[in-house]
Amino acid sequence: MGRIASLGEFEQIVLLAILRLDTDAYGVSIRSEITARTGRAPSPGALYTTLDRMEEKGMVRSWMGEATPQRGGRAKRNFAVTKAGRSALVHAQRAYQSLLEGLNLLGGAHAGSIGG
Amino acid sequence: MLAASVVEGILRRVTTRDRATAIVGDLVEIREQKGAVWFWFSAAGVLLSLVWRWPLAFVASFYAGAWSFAAFLMATVGINAQHIPEDHPWAQVLWGIVLLGSCAIALSVYAGIRYGLRDRATQMVVAWASLATAVVYLWWVPAVLVTCIAGAAAVVLYSVCAREGRRASVVVWAAMAVGVCGFFVWAPLATLYQNWLKPGPWGSDDMLQHPSLGRLVFSLMLFGQLAKLWVWSWLRDWLAGTRRAEARSEML
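The structure presented is a predicted model; accordingly, all values stated were derived computationally and were not measured.

Reading the values: rules and limits
- Residues numbered from 1 in each chain as written.
- Chains lettered and ligands numbered in written order.
- Predicted model: local features only at pLDDT ≥ 70, side-chain atom pairs only at ≥ 80, totals over all residues.
- Heavy atoms only, no water.
- Helix = DSSP H or I, 4+ residues; strand = E, 2+ residues; numbered from the N terminus.
- Buried < 20%, exposed > 50% of the residue type's maximum accessible area, 1.4 Å probe, protein only.
- Contact = heavy atoms within 4.5 Å.
- Areas by Shrake-Rupley, 256 points an atom, 1.4 Å probe, with all protein chains shown as cover.
- Expected span 1.5 Å × (residues − 1).
- Axes fitted to C-alpha atoms, helices over the stretch in contact; angles between N-to-C directions.
- Pairing = 2+ DSSP bridges.
- Domains from an automatic or database assignment.
- Arc of directions from axis to C-beta.
- Patch = residues over 30% accessible without salt bridge, like charges linked within 9 Å, V, L, I, M, F, W, Y side chains within 5 Å.
- Salt bridge = Lys/Arg side-chain N within 4 Å of Asp/Glu carboxyl O.
- pLDDT = per-residue confidence, 0-100.
- Core = buried A, V, L, I, M, F, W, Y, C linked by side-chain atoms within 4.5 Å.

What about the overall build of chain A?
Counting its secondary structure elements, chain A contains five helices and two strands. Listed by position from the N terminus, the elements making up chain A come as α-α-α-β-β-α-α. Scored against the burial criterion, the 116 residues of chain A give a buried share of 41%. Pairs at least 24 residues apart make up 50% of the contacts formed inside chain A by residues separated by at least 6 positions. By element, 54% of the accessible surface of chain A is carried by carbon and sulfur atoms, the whole surface being about 6400 Å².

Spelled out as structure tokens, the structure:
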């Protein structure tokens, strides 16, 4: 098995959004999911270039879906996370978990001092 | 609907047909809530994010190639060079490295900006450019020469043994070959034209009297650059496509 690729923060967010959406992951729904969960609305340009880059790296795969009237008869491009993408995500999340261990950021004795 | 068709037509020039259709479909779907102004700003943003790397990479690579070629020539045969006489047995090899090295530097800048330093082909061409630069400037230091030969052997070994290395080396050497062949086309053509304008050695006054020579050399260099970069991008994207297809078939 090859080396696990590293992921940027936005790449992780996009991968998690695709996993949450399961079979309904396409440009609009991914953007909405990210906005709803993080409070940040990514620009379409940033989202599409990230998706293209991750597809090139083998993290996600895409296929053309159905066309709908509200899209002017244009097909959706659906996305799914590949095995390599899932592995990279797990690796990145484990690294975060490891760094968070003992910090108690979400409450407790250290929360006040870290938050200032 | 006309606006969407116009945007789709423009995006098809910079990305695949399917991607352009899907992007415009997404923008049309959101336009219902966000309005026409948002649609146009988003379309412009998407276009910019898809194309900004190419013109920047092209211009930076062109100047990096021309600048490094001139600098390498100065280092080997210029007035400040610790230079070797023309009849030195290794002179031709060194001048070959000058040509290949400046070509590798131009390609490093292009690939670095366009595809990033994590790309295997970028890493490989950066390695070749670094080795060539070290040899051109420090060829007379035995330790540097031995280190560069060992480094070159390591890169060749990786190019032969690793699958990713083989793919990257195809991209690198095809583009380098086009770059070097381009030089051997445009340089004699420019010399022929120069001799046709005025035979014999030229001074700066001659250059001022015949600006067409400068324009011709610049155009030929630009054309050579375009050919070299086109080969790089086409081969890289084609190989990336075959890798994706392999990954897909492995998943199925």
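On we go.
Description of helix H2 (residues 17-34) of chain B
Residue pairs spaced three or four apart in an α-helix point in one direction, given the helix's 3.6 residues per turn. Residue and element names in this part refer to chain B. Along its 18 residues, H2 runs 25 Å from first to last C-alpha, staying within 8% of the 26 Å computed at 1.5 Å per residue. By the criterion of burial, H2 is predominantly enclosed, with 13 of the 18 residues buried. With its phi angle positive at about 95°, Gly35 sits one or two positions after the end of H2.

Examining the packing of helix H4 (residues 53-77) of chain B against helix H6 (residues 120-138) of chain B
Following both chains from N to C, one finds H4(B) and H6(B) inclined at 30°, their axes separated by 8 Å at the closest point. For the pair H4(B) and H6(B), contact is made by B:Ala71, B:Phe72, B:Ala75 and B:Thr76 and by B:Thr133, B:Val136 and B:Tyr137, respectively.

Brief notes about the pairing of strand S2 (residues 74-81) of chain A
When a strand is regular, its side chains alternate between the sheet's two faces. All names here are of chain A. Most of S2 sits out of view: eight of its eight residues are buried. In the sheet, strand S1 (residues 60-68) pairs with S2 via seven bridges, with the strands oriented antiparallel. Bridge assignment links Thr68 to a residue of S2, and that residue is Arg74.

Focus on the domain arrangement of chain B
When its domains are assigned, chain B resolves into domain 1 (2-51) and domain 2 (53-251). When each unit is reduced to the centre of its C-alpha atoms, the spacing between domain 1 of chain B and domain 2 of chain B is 37 Å.

Remarks on the environment of B:Pro188
Tracing the backbone shows B:Pro188 in helix H8 (residues 163-197). Between the alpha carbons of B:Pro188 and B:Val93 there is a distance of 20 Å; along the sequence they are 95 residues apart.

Details of helix H7 (residues 142-161) of chain B
Residues and elements named next belong to chain B. The end-to-end C-alpha separation of H7 is 28 Å, in line with the 28 Å expected for 20 residues at 1.5 Å each. Of all the positions in H7, only Cys148, Val155 and Ser159 are classed as buried. Take H7 and look down its axis: the buried residues cluster within an arc of 40°, on one side only. Turned more than 90 degrees away from the buried face of H7, the exposed residues are Pro142, Ala143, Val146, Thr147, Ile149, Leu157, Val160 and Cys161.

Remarks on a nonpolar patch on the surface
A contiguous nonpolar patch, built from A:Tyr96, A:Leu100, A:Leu103, A:Leu105 and A:Leu106 and spanning about 510 Å² of accessible area, is present on the exposed surface. With respect to the helices and strands, A:Leu105 occurs in the loop between helix H4 (83-100) and helix H5 (109-115).

Observations regarding the confidence of the model for chain B
Residue-level pLDDT values for chain B average 88, and 92% of them are 70 or greater. Two numbers describe this predicted complex: its pTM, 0.74, and its ipTM, 0.83.

Some remarks on the nonpolar core
The tendency in soluble globular proteins is for nonpolar side chains to be buried as a group. By size, the foremost hydrophobic cluster in this structure holds 37 residues, and its most contacted members are A:Val14, A:Leu15, A:Ile18, A:Ile30, A:Ile34, A:Leu51 and B:Phe39. Elements that contribute at least two residues to this core include exactly helix H1 (9-21), helix H2 (27-38), helix H3 (44-56), S2 and H4 of chain A together with helix H1 (2-11), H2 and helix H3 (36-51) of chain B. Ranked by the residues each element gives to this core, the list is headed by H1(A), at seven residues. Discounting chain neighbours no more than four positions away, the residues touching A:Val14 are A:Ile30, A:Ile34, A:Leu47, A:Thr50, A:Leu51 and A:Met54. In this structure, B:Ala64, B:Ala111, B:Val135 and B:Leu239 belong to the second largest nonpolar core, which totals 34 residues.

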